[in-house]
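The chain contents come next:
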Amino acid sequence: MTDPYLSEVSQSQYTPSDPQSEDPLNPSAQSPNSQEDLDLEFLYTRDIEFRQETLYFIVVDRFCDGDPRNNEGPNPELYDPTHEDWGKYWGGDLQGIINKLDYLKNLGVTAIWLTPLFEQIEDLFVESAAIHGYWIQDFKRINPRFIRPEDNPSLNQTQEEKNTLFDQLIAEIHKRNMKLILDVVCNHSNPDISGKKGILYDDGVKIADFNNDQDHWYHHYGEVQDWEDEWQIQNCELAGLATFNENNTAYRSYIKAAIKQWIDRGVDALRVDTVKHMPIWFWQEFNAEIQTHKPDIFVFGEWIYSHPLDDRSVEFANNSGMTILDFGLCTAIREALGLGLEDGFYRIKDVFDQDYRYSGATELITFIDNHDMYRFQSLNDDPEVLHLAIALLMTSRGIPCIYYGTEQYLYNNTQVDLDNPFGNNDPYNRPLMKRWDTNTKLYWTIRLLSGVRRLNPAVSMGGQWEKYITPDVYCYVRRYRDSILFVAMNRGESVTVESIDTELPDGEHTDIMSLEKYRVESSILSDLTLEKNQVIILSHVAERVTGKTIVRVQLNGVNTQPGERIIVTGDCPELGNWDIAKAYPLEYINSNTWFAEIPFNESAGKLINYKYALWREGQSPLRENIVSRRWVVASEGTVKWRDHWTSGRES
């Protein structure tokens, strides 16, 4: 007998509302569904570069109350004006974020990640309202507690005119050259509230009900009992939340249409919740369609406690079409610095040593805490240790994300049990933002290092080489082409390192943190003294790659030996017109990844052919065993090639 919850469900009983797709007079607003609708050059050539960004993660309700008129919302009992009931709303909204955009811009933030903005259930579940945003009942409407009363779509249709507070927020963010990251949830809707569960709406029209699920929108297997059972993790309920049946094509059409609606309003990136709880095929389909709709959108997912030694989370990062939050590095930083474990920086080294397992380690989202764990200062309240952790985060590979209020030393230790340091004192790790001091030491540290990330390409795109390590001292170099960043830090007592290779050019270099001068001779820094909790950062920026179009090439899966290098050759001047001696060299990032920025001028806007080769001094090059790869190079802008080596043949 066929299990109805695992079978494909016809869409004949439900068609998601999408006003734009129904407008025959506005083809530019339609989702591309045929070749003539597509801008082929845009689809196959454009991409978004996120590695130079500094992310800032905000729990919207706890950030800033900009419009008191929306505080009570549809159910006034869920709002606590005294800010004493941690399970209720406290008033943060989109106007509050708009009011603080200049504060964030000055901090060095370039991309703002907001907890889900969608309409939530309006009741208490386990003595808590949905202040976090993850109990959604309508993916096409915004929580009325976050917008102006006049923007409520049940009162008018201002959404269609794109003149709501949400649209104003995006406009103000973009005016400051910042980006908006929308938090989305595809795994589940809402829990059992007063006998109602999984009530789902499409722009105000009820379309699904867990307790009357004739069209099989949900799985009905109960809660996860065995967290080692992959089938249960992907099909059973997480904490009683109504879990969508991803085999239902009507559901898939609805969730993708809803997210496209917000992308069309100007969203720049997506953070996707609970990705481990759905099969990878769903995410491959989801990302293919979302990225066809908007090719230059960046997507990252939350695989809770992912780790480079966890095969399933690595497979997801490499094959799902999105990158992930780097819980492995987060845990190592918390152990080495937050808890001060004996082996110290070796914990962090162990994570970086596994970077080769990822196809895109430089695009992992890195962090030291978030809304699902104790804040870093709950583990260690010494602000100087926090400074050390942030400096490591901002100068290591990956895209750093700061949890709101960190720059103000915001934390609350209610219900923190350090006998279980990997616990979660939710909701106390989501305190109210009360200070906006632009002169704290950490505020200026983040501002400074965010600038370094944008100025020095070695930080955002380069490889990372360990130069000296003990449990207490960690020194490393970031390198891309001729740009170098040297970092040295010490969590222990004062120590002097006799000699260390910085790879910096000879001469005097200024420490970004203290403005002290350090002399380098033959790339060596001698007698380097590091005081307790001191960080030294020396930056050398070389000439940047420029061109009408910059192609950022990444090749994975090639096995090289010391002295060997990867080149790319092709039928255009930029790639040597198939003359392998004039091919473009790639940079070594790790044993799985080679990378380069290639400037295209003469061939910008043209179709080209290319392939990779392994250059071996004194031997014939080893070319890929394929006809060639083909690509339409954009006429301008940034392009990404993400390729995997095809076993080569001697030339």
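Going by the annotation in an unreviewed UniProt entry, the name recorded for the protein is Alpha-amylase, with Roseofilum reptotaenium AO1-A given as the source organism. Per its UniProt entry, the protein bears the Catalytic activity (unreviewed entry) comment "Endohydrolysis of (1->4)-alpha-D-glucosidic linkages in polysaccharides containing three or more (1->4)-alpha-linked D-glucose units." Its UniProt record, at the heading Cofactor (unreviewed entry), says of the protein: "Ca(2+)".

Colleague: I tried to follow the sheet that holds strand E11 (residues 365–366) on my own but got confused; where do I start?
Modeller: Paired through backbone hydrogen bonds, the strands of a sheet run either parallel or antiparallel to each other. With parallel pairing, eight strands are arranged side by side in an open sheet as E10-E9-E8-E5-E2-E1-E12-E11. Bordering the open sheet on either side are strand E10 (323–324) and E11, each of which pairs with just one other strand. Bridging between strand E8 (residues 269–272) and strand E9 (residues 298–301) involves four bridges; their strand directions are parallel. If you follow Arg271 over to E9, its bridge partner there is Phe300.

Colleague: Quick question: what am I supposed to make of the packing of aromatic side chains here?
Modeller: For any pair of aromatic rings, geometry is given as the distance between the ring centres together with the angle between the planes. Counted by the stated rule, this structure contains 43 aromatic pairs. Measuring from ring centre to ring centre gives 5.2 Å for Phe166 and Trp262, while their planes differ by 75°; the resulting arrangement is edge-to-face. Placement of the pair is Phe166 in helix H5 (residues 165–175) and Trp262 in helix H7 (residues 249–263), with a sequence separation of 96 residues. Here the two residues Phe166 and Trp262 agree in accessibility, since each one is buried. Positioned over the ring face of Trp90 is Arg62, at 3.8 Å from the centre of the ring.

Colleague: Would you take a moment to explain the pattern of salt bridges for this structure?
Modeller: Here the idea is simple: oppositely charged side chains can pair when their charged atoms come close. Evaluation of the coordinates by the stated rule reveals 47 salt bridges. Taking the shortest distance from any N to any O, the salt bridge between Arg265 and Asp167 comes out at 2.7 Å. One end of the pair, Arg265, is in the loop between H7 and E8; the other, Asp167, is in helix H5, and 98 residues separate them in sequence. As far as burial versus exposure is concerned, Arg265 and Asp167 are alike and both buried. A salt bridge links Asp311 to Arg357; the nearest nitrogen and oxygen atoms lie 2.7 Å apart. Here Asp311, found in helix H9 (residues 311–319), pairs with Arg357, found in the loop between helix H11 (346–352) and E11; they are 46 residues apart in sequence, far enough to count as distant. Residue Arg357 is classed as partly exposed on the basis of its relative accessible area of 24%.

Colleague: Quick question: what am I supposed to make of the sheet that holds strand E13 (residues 463–469) here?
Modeller: Read across the open sheet, the four strands follow the order E13-E14-E15-E20; overall the sheet is antiparallel. The sheet is open, and its two edges are formed by E13 and strand E20 (535–540), each paired on a single side. Looking at each pair of strands side by side, their axes are set apart by 15° on average, direction ignored. The pairing of E13 with strand E14 (residues 473–480) spans six bridges and is antiparallel. Within the sheet, the bridge partner assigned to Gln464 lies in E14 and is Arg478.

Colleague: How do you make sense of the state of the cysteines when you look at a structure like this?
Modeller: Chemically, a disulfide is nothing more than a covalent bond linking the sulfur atoms of two cysteines. Overall, the coordinates contain zero disulfides when judged by the stated rule. You can see Cys330 has no disulfide; the closest cysteine sulfur is in Cys401, sitting 10 Å from it.

Colleague: Whenever I open this one, the domain arrangement of the protein confuses me. Can you help?
Modeller: Much of the literature gives interface size as the accessible area that the parts lose upon coming together. What the domain assignment reports for the protein is domain 1 (303–455), domain 2 (462–540) and domain 3 (549–644). Computed from C-alpha coordinates alone, the two centres of domain 1 and domain 3 are separated by 34 Å. At the junction of the two partners, domain 1 supplies eight residues and domain 3 supplies nine residues. Roughly 520 Å² is buried in total at the junction of domain 1 and domain 3, and carbon and sulfur atoms are behind 33% of that figure. Summed over the three residues of domain 1 that lose the most area to domain 3, namely Tyr356, Ser359 and Glu363, the buried surface amounts to 70% of that side. Here domain 1 and domain 3 share two salt bridges between them. Lys640 serves as the salt-bridge partner of Glu363, at 2.8 Å between the closest nitrogen and oxygen. Taken together, the links from domain 1 to domain 3 amount to five residue pairs in polar contact (both at pLDDT 80 or more). Counted by class, the side of domain 1 that touches domain 3 contains three nonpolar, three polar and two charged residues.

Rules used in this analysis
Residues numbered from 1 in each chain as written. Predicted model: local features only at pLDDT ≥ 70, side-chain atom pairs only at ≥ 80, totals over all residues. Heavy atoms only, no water. UniProt positions renumbered as here; feature names shortened; annotations may be inferred. Pairing = 2+ DSSP bridges. Helix = DSSP H or I, 4+ residues; strand = E, 2+ residues; numbered from the N terminus. Phe/Tyr/Trp six-rings, centres within 6.5 Å; stacked < 30°, edge-to-face > 60°. Buried < 20%, exposed > 50% of the residue type's maximum accessible area, 1.4 Å probe, protein only. Lys NZ or Arg CZ within 6 Å of the ring centre and 35° of its normal. Salt bridge = Lys/Arg side-chain N within 4 Å of Asp/Glu carboxyl O. Axes fitted to C-alpha atoms, helices over the stretch in contact; angles between N-to-C directions. Disulfide = S-S within 2.5 Å. Domains from an automatic or database assignment. Contact = heavy atoms within 4.5 Å. Buried area = accessible area lost by both parts, 1.4 Å probe. Polar contact = N/O pair within 3.5 Å; in protein donor to acceptor, adjacent residues only side chain to side chain. Nonpolar A, V, L, I, M, F, W, Y, C, P; charged D, E, K, R; others polar.

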